[in-house]
Amino acid sequence: MHPDDMTAAERVLLHDAAHVWHPYTQHHDAPLPVPVVRASGSWLYAVDGRPILDAISSWWVTTHGHCRPEITEAIATQAAQLDQVIFAGFTHEPAAQLAAALVGHLPRGLSRIFYSDNGSTAVEVALKLSLQSFANRGTPRRLVAALEHAYHGDTFGAMAAGARGVFTHMYEPLLFEVARLPDPSEGDTLAALDALIDARGAELAAVIVEPLVLGAGGMRTWDESVLRGIRARTAAAGVHLIADEVMTGFGRTGPLFACERAEVRPDLLCMSKGLTGGVLPLGATAATEAIFDAFRSGDRTKTFFHGHSYTANPIACAAALASLDLFDEQSEDDRIRLEVAQARQLDALRGVPGVRAVRQIGTMGAVELAAPAGYLSDVGRELAAYALQEGVLIRPLGPVAYCLPPYCTTDEEIAQVYDVLQRFLEGARATPLTTGGPIDD
Ligand SMILES: *Cc1c(COP(=O)(O)O)cnc(C)c1O
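Described below are features of the structure shown in this document.

### Topic: the nonpolar core
- If you look at the biggest cluster of nonpolar residues, it comprises 101 residues, and the most contacted ones within it are Tyr115, Met219 and Met271.
- Composition of this core by domain shows at least three residues from each of domain 1 (3–67 + 328–425) and domain 2 (70–325).
- Non-local contacts of Met271, meaning those with residues more than four positions away in its chain, are made with Leu102, Leu106, Ile113, Ala122, Val246, Phe250, Phe257, Leu282, Gly283, Ala284 and Ala286.
- Formed by 25 residues, the second largest nonpolar core is a distinct cluster that contains Val125, Val144, Ala146 and Ala294.

Below, the structure written as structure tokens:
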């Protein structure tokens, strides 16, 4: 068939199949991707008009809901005014205003914003700022510590900090050494950190953590007291604490940042995903003035030689400003309502056959299914396929299904997500099984 004679959906799928390489996708046997033409609130609409409930905020980015007019209008206005400008030697209102606004919302002590494009680059920047700040002071430290089951992104530095596994294993010889601390959801992180500081404290530049929930590692929630303990020990040893809030930031765990739940003030904090409300790519790394000062010098070699072509893109910054404005009392109420609605659903699943554990923090609810652990487990894939057939987008992490919805999601929509899960637990499956659905492996 000639492309002119095809339906819009057929044309998309033809060109996609011929020329597109999708992320986290095994093209050998991946099911056909779903062509999406429009989104609104918590819903995606496929080209055939089919509504799909976006229960994972489109890979954890959508905060208020899809296509919020306040954000799309800010984007249109900014795009017509100033689309892009080099950010070395130049500045603009959206970037300056956003930096000031973020500093106003961030844990106290974080006063400098370095912009980049995504979560991985926000992490790379944090790692490099920490390491170079020690070098610039003439007291080089080169060791970074990170948690077991951590995920910090897919670029090399971020991969090095992340846990080793199927995502990273073929690059392993190329990744720099990282001291690994036990996952606080299952081990004694603080004892291990004490031992590490005793043994190698003078080498240790930074400890990087995903505060209070290890996201991609399986939505493993962990205790505020451990985060406070890590902060106390790193502060005493002159070691930086890097909070990777790429997933937890912008209300996901309740308050704007997860660090606030523990009243912890990190030295560096990474933001991306929800920064623009989930509409445009933007990353930002917040640093203390002490770290910034380590780079101020008459010696030009102490400069932070790092930047991206689209650093502080004005349109993305305008979207982020519009998104920040939407974190009002209504949004707070929505997040509390979502927390309560999910808690109720999760309670009902405790002890149900097929459920190994349930976990929750703020607006995120997770259900660990009783299936062989490990990333390539099929139960998550089967659940994703069934859910998609039933009009719900979820994307289990191995056997861990989770609901991480936009904040506009209603209690009825939450019930719809958990109803699908309930039916799956009772034995319902997609027909045929192989139509597939998204899963992270
Ligand atoms: C998603 C994620 C990243 C990586 O962000 P990208 O924008 O996908 O590069 C880093 N850290 C955490 C905690 C994340 O969840």
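### Describing the sheet that holds strand S14 (residues 364–369)
- Read from one edge to the other, the open sheet built from 3 strands follows the order S13-S14-S16, with strand pairing classed as antiparallel. The sheet terminates laterally at strand S13 (355–361) and strand S16 (400–403), the two strands that pair on one side only. Neighbour to neighbour, the strand axes of the sheet diverge by 15° on average, direction disregarded.
- Where S13 and S14 come together, 6 bridges link them in antiparallel fashion. Along S14, the bridge assignment pairs Val355 with Leu369.
- Running at roughly 165° to S13, helix H12 (residues 329–349) makes contact with S13, S14 and S16 of the sheet.
- Relative to the sheet, helix H14 (residues 411–425) contacts S13, S14 and S16, its axis offset from that of S14 by approximately 0°.

### Observations regarding the packing of aromatic side chains
- On inspection of all chains with the given rule, the structure shows 12 aromatic pairs.
- Relative to Phe257, the ring of Phe250 has its centre 5.3 Å away and its plane inclined at 65°; by these criteria the two rings are edge-to-face.
- With a relative accessible area of 1%, Phe250 lands in the buried category.
- Accessibility expressed as a relative area gives 0% for Phe257, which makes it buried.
- When the ring of Tyr386 is compared with that of Phe424, the centres are 6.4 Å apart and the planes differ by 35°; the resulting orientation is tilted. Residue Tyr386 is found in helix H13 (residues 378–389), and its partner Phe424 is found in helix H14; the two are separated by 38 residues along the sequence. As far as burial versus exposure is concerned, Tyr386 and Phe424 are alike and both buried.

### Some details on the sheet that holds strand S15 (residues 392–393)
- Taken in spatial order, the 4 strands make up an open sheet running S1-S2-S3-S15, and their pairing is mixed. Among the strands making up the open sheet, the edge pair consists of strand S1 (36–40) and S15.
- Across 3 bridges, the pairing between strand S2 (residues 43–46) and strand S3 (residues 51–54) is antiparallel. When the bridges of S3 are listed, Tyr45 appears paired with Pro51.

### Here we look at the environment of Phe295
- Of note, Phe295 is situated in the loop between helix H10 (289–293) and helix H11 (314–325).
- Beyond its immediate sequence surroundings of up to four residues, Phe295 is in contact with Leu129, Gln132, Ser133, Asn136, Lys302, Thr303 and Phe304.

### Brief notes about helix H4 (residues 93–105)
- Relative to the 18 Å expected for 13 residues at 1.5 Å per residue, H4 spans 18 Å between its end C-alpha atoms, a close match to the ideal helical length.
- Considered for burial, the residues of H4 that qualify are Pro94, Ala95, Leu98, Ala99 and Leu102. On an axial view of H4, the arc spanned by its buried residues comes to 130°, and they lie on one face. For H4, the exposed residues set more than 90 degrees away from the buried face come down to Glu93, Ala100 and Gly104.
- The secondary structure elements touched by the buried residues of H4 are helix H3 (69–81), strand S4 (110–116), strand S11 (268–271) and H11.

Criteria and cut-off values
Residues numbered from 1 in each chain as written. Predicted model: local features only at pLDDT ≥ 70, side-chain atom pairs only at ≥ 80, totals over all residues. Heavy atoms only, no water. Core = buried A, V, L, I, M, F, W, Y, C linked by side-chain atoms within 4.5 Å. Buried < 20%, exposed > 50% of the residue type's maximum accessible area, 1.4 Å probe, protein only. Domains from an automatic or database assignment. Contact = heavy atoms within 4.5 Å. Pairing = 2+ DSSP bridges. Helix = DSSP H or I, 4+ residues; strand = E, 2+ residues; numbered from the N terminus. Axes fitted to C-alpha atoms, helices over the stretch in contact; angles between N-to-C directions. Phe/Tyr/Trp six-rings, centres within 6.5 Å; stacked < 30°, edge-to-face > 60°. Expected span 1.5 Å × (residues − 1). Arc of directions from axis to C-beta.

Geometric descriptors of this kind do not, in isolation, establish any biological role.
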